[in-house]
Amino acid sequence: MPFADELIGPDAARTLFRTIRAAAPGADLSVLQGSVDQLGPLALRARADLLRDALLTGLPGDYTEFARTIRRAAEDSDFQGWSIWPVTSAVASKAVEEKTSSAFDDGMALLAELTGRLTSEFAVRAFLRADLDRALEIALGWTQSSDEHVRRLASEGTRPYLPWSVRVPEILARPGVTVPILDRLYRDDSDYVRRSVANHLNDFSRDVPDLVVSTAARWLDDPDDNTGQLVRHAMRTVIKNGHPDALALLGFAPAELDVTGPVLDMAELPIGGSLEFTASVRNVGLEPAKLAIDYIVHHTKANGAQTGKTFKLKTTTIAPGENIDIRRRHSFRPLTTRKYYPGPHAIELQINGVSSGRADFLLVT
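1. A short note on the overall build of the chain
Link 1 in the chain: The helix and strand inventory of the chain stands at 17 helices and 8 strands.
Link 2 in the chain: C-alpha extents for the chain along the principal axes are approximately 80 × 50 × 35 Å.
Link 3 in the chain: Looking at the chain as a whole, 47% of its 365 residues qualify as buried.
Link 4 in the chain: When contacts within the chain are restricted to residue pairs at least 6 apart in sequence, long-range pairs at least 24 apart make up 69% of them.

2. Focus: the nonpolar core
Across soluble globular proteins, nonpolar side chains show a tendency to be buried alongside one another.
Link 1 in the chain: With 81 residues, the main nonpolar core has Ile20, Ile70, Phe79 and Trp142 as its most contacted residues.
Link 2 in the chain: Each residue touching isoleucine 70, except ones within four places of it in the same chain, is listed here: Ile20, Phe79, Val87, Val91, Leu110 and Leu114.
Link 3 in the chain: Judged by nonpolar contacts, the second largest core, of 24 residues, contains Ala279, Ile293, Tyr295 and Phe311.

3. A word on the packing of helix H14 (residues 209-221) against helix H15 (residues 227-234)
Link 1 in the chain: Interaxial distance between H14 and H15 falls to 10 Å at its minimum, and their mutual angle equals 175°. The angle between H14 and H15 falls in the class roughly antiparallel. Only Thr227, Gly228, Leu230, Val231 and Ala234 of H15 make contact with H14, whose side of the interface consists of Val212, Ala216, Trp219 and Leu220.
Link 2 in the chain: When grouped by side-chain class, the residues that make up the contact of H14 with H15 number 7 nonpolar, 2 polar and no charged.

4. Things to note about the packing of aromatic side chains
Link 1 in the chain: In this structure the tally under the stated criterion is 11 aromatic pairs.
Link 2 in the chain: Between tryptophan 82 and tryptophan 164, the ring centres sit 6.2 Å apart and the planes meet at 40°, which makes this aromatic pair tilted. Taken together, the residues tryptophan 82 in the loop between helix H5 (63-73) and helix H6 (84-98) and tryptophan 164 in the loop between helix H10 (148-156) and helix H11 (169-173) connect sequence positions 82 residues apart.
Link 3 in the chain: Put simply, the rings of Trp82, Trp85, Phe122 and Trp164 pair up and form one aromatic cluster.
Link 4 in the chain: Positioned above the aromatic ring of tyrosine 161, the side-chain terminus of arginine 206 is 3.8 Å from the ring centre.
Link 5 in the chain: In this structure, lysine 290 is placed above the aromatic ring of phenylalanine 252, and the distance from its NZ or CZ to the ring centre is 4.7 Å.

5. Remarks on the environment of asparagine 303
Link 1 in the chain: Topologically, asparagine 303 is positioned in the loop between strand E4 (289-300) and strand E5 (306-318).
Link 2 in the chain: Among the polar contacts made by the side chain of asparagine 303, one reaches the main-chain amide nitrogen of alanine 305 at a distance of 3.0 Å.

Reading the values: the criteria
- Residues numbered from 1 in each chain as written.
- Predicted model: local features only at pLDDT ≥ 70, side-chain atom pairs only at ≥ 80, totals over all residues.
- Heavy atoms only, no water.
- Helix = DSSP H or I, 4+ residues; strand = E, 2+ residues; numbered from the N terminus.
- Buried < 20%, exposed > 50% of the residue type's maximum accessible area, 1.4 Å probe, protein only.
- Contact = heavy atoms within 4.5 Å.
- Core = buried A, V, L, I, M, F, W, Y, C linked by side-chain atoms within 4.5 Å.
- Axes fitted to C-alpha atoms, helices over the stretch in contact; angles between N-to-C directions.
- Parallel < 35°, antiparallel > 145°, perpendicular 65-115°, else oblique.
- Nonpolar A, V, L, I, M, F, W, Y, C, P; charged D, E, K, R; others polar.
- Phe/Tyr/Trp six-rings, centres within 6.5 Å; stacked < 30°, edge-to-face > 60°.
- Lys NZ or Arg CZ within 6 Å of the ring centre and 35° of its normal.
- Polar contact = N/O pair within 3.5 Å; in protein donor to acceptor, adjacent residues only side chain to side chain.

These results come straight from atomic positions and should not be treated as a statement about function.
Take a look at the structure:
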């Protein structure tokens with residue numbers, strides 16, 4: 001995540017104060033003005049929330065009056081960038097709190113108006129949590145917008161696991177409820193939109209990987225020139241996890257192979273060291289074999305259980321009777337994102353999603 005100062009810093013807060021003051025000259029914006037000096041110790045999301053709450057304090061009327069002020073502020077060309085995040089959050093809070101269909105629908109419309117200035121993807125979550133079906137119906141309409149920012153908002157804002165955002169439990173409880181939006185957008189002209197579609201579909205890999213594969217298969221049945229690339233990106237996690245149907249969809253079918261290894265260069269390794277392993281793969285079938293070769297490191301965790309992490313080795317095609325040799329050195333140097341614990345570990349080969357040999361070793365202090 002970028003540093004908070006680089007995004008919602010004092011300059012963004014001052015811009016927000018200035019543009020709102022010009023749009024509502026009679027409002028008491030002292031809390032918003034004072035928030036500039038309170039940003040220092042806060043993380044990014046906390047800064048957005050602080051300015052949102054200050055904005056709501058300074059504009060205490062009903063939703064209609066609030067939205068009118070925001071639209072007046074939007075006439076200023078400086079009303080853009082990261083200062084928009086607290087604005088869209090305030091719009092969502094105000095509209096949902098009012099509990100009327102008119103405020104709900106206009107609040108969603110206002111997010112669409114603002115999303116080109118800075119994405120409204122975080123704010124739309126409040127509407128999804130308040131009334132998922134109504135919000136998704138509106139988002140489905142956004143897929144027909146002439147503005148790529150609005151079309152992307154339909155996909156990005158409804159992602160099951162949108163980074164930096166609050167979860168929408170009902171989306172997780174109803175797997176696939178957002179797929180109709182993706183079906184409308186997977187052949188979008190904009191790469192910006194298609195990347196969001198791929199990331200959205202990839203989010204399902206965590207809970208319903210079969211849905212990722214079945215949706216990708218449907219799209220490949222009715223593709224355009226960009227569908228293949230989009231599907232590969234959308235299936236990156238299920239491919240990495242060795243999902244056999246996903247691999248088969250990309251041409252990595254089960255193959256007749258003779259695998260030797262993996263062979264480790266040592267049976268006991270100190271934490272901080274590197275382990276080398278080798279293997280050989282021979283195609284004993286009668287047809288060329290397209291192979292996705294990965295390896296899994298099985299780590300011992302602090303509680304003594306093991307967990308696997310997959311690493312890519314290579315993608316290749318080998319002819320009948322052809323043999324390829326594999327050599328890889330893997331470091332067990334502790335990182336800020338990974339801590340190692342002593343105990344039994346293992347290296348496992350995975351070819352086209354199929355376990356193809358495992359070797360155990362001991363990691364020691």
